[in-house]
Amino acid sequence: MNAGTYLFLFTIGPVQTFIAQARKTGDLYAGSSLLSLLCRCAIDYLHACKAEIIFPAQKIESLPNRLFAKIETSHIKDICISLEKHVKNEFEKI
C-alpha cells in the first residue's frame with residue numbers, strides 16, 4: 001500500500017468538564033496544565049511517527065487542547081488508535 005499524506009486533527013476533550021468542575025482559579029490552572037501536558041504528550045508521540053506539527057507552535061509553554069499535523073503514512077488508522085491509547089495511558093498515569 002502506498003503512503004498517503006494526511007492532515008490530522010487531534011482534540012483532547014471535553015474541556016467544558018474541566019471548566020464546570022473548577023471552583024477556584026487554581027482548579028482552572030490545574031485543568032489547563034493537565035490539558036497542555038496531554039497535548040505535549042500527543043505532539044511527542046506524533047514526532048516519533050515523523051509527523052510535521054502545523055499547530056500549535058511547540059515553543060509556547062501552555063498548549064491548547066488540539067493540534068494539527070501533516071503525516072505521510074500508509075497506516076493512518078493504526079497511528080490514530082495508538083495515539084489515542086498513548087494519551088489515555090498518560091492521563092491514567094497522572
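Right above here is the structure, for reference.
So, here's what we can say about the structure. All values reported here derive from a predicted model rather than from experimental measurement.

**Description of the pattern of salt bridges**
Opposite charge on two side chains lets them pair, provided their charged atoms get close.
Alright, step 1. According to the stated counting rule, one finds 3 salt bridges in the structure shown.
Alright, step 2. Where K88 meets E84, a salt bridge forms, and the shortest distance between an N and an O atom there is 3.0 Å. One end of the pair is K88 and the other is E84, both in helix α3 (residues 76–93) and 4 residues apart, which spans about a single turn.
Alright, step 3. The salt bridge involving E90 is made with K93; its shortest N-O contact spans 3.8 Å. With E90 and K93 both in helix α3 and 3 residues apart, the pair spans about one turn of that helix.

**Things to note about the environment of L67**
Alright, step 1. Positionally, L67 belongs in strand β3 (residues 66–73).
Alright, step 2. Discounting chain neighbours no more than four positions away, the residues touching L67 are F8, L9, F10, C39, A42, I43, L46, F55 and P56.

**Quick word on α3**
Alright, step 1. Over its 18 residues, α3 extends 26 Å from the first C-alpha to the last, a length consistent with the 26 Å expected when each residue adds 1.5 Å.
Alright, step 2. Structurally, α3 contributes buried residues whose contacts are with β1 (4–11), α2 (25–48) and β3.

**So, the sheet that holds strand β2 (residues 52–55)**
Alright, step 1. The antiparallel open sheet is built from 3 strands, whose spatial order is β1-β3-β2. Bordering the open sheet on either side are β1 and β2, each of which pairs with just one other strand. For this sheet, the mean inter-axis angle between neighbouring strands, taken without regard to orientation, is 25°.
Alright, step 2. Alignment of β2 against β3, held across 3 bridges, turns out to be antiparallel. From the neighbouring strand, E52 faces β3, where its bridge partner is K70.
Alright, step 3. Where α2 meets the sheet, its contacts fall on β1, β2 and β3, and the angle it forms with β3 comes to roughly 10°.
Alright, step 4. Across the sheet, α3 lies against β1 and β3, angled at about 25° from β1, the strand it touches most.

Rules of the game
- Residues numbered from 1 in each chain as written.
- Predicted model: local features only at pLDDT ≥ 70, side-chain atom pairs only at ≥ 80, totals over all residues.
- Heavy atoms only, no water.
- Salt bridge = Lys/Arg side-chain N within 4 Å of Asp/Glu carboxyl O.
- Helix = DSSP H or I, 4+ residues; strand = E, 2+ residues; numbered from the N terminus.
- Contact = heavy atoms within 4.5 Å.
- Expected span 1.5 Å × (residues − 1).
- Pairing = 2+ DSSP bridges.
- Axes fitted to C-alpha atoms, helices over the stretch in contact; angles between N-to-C directions.

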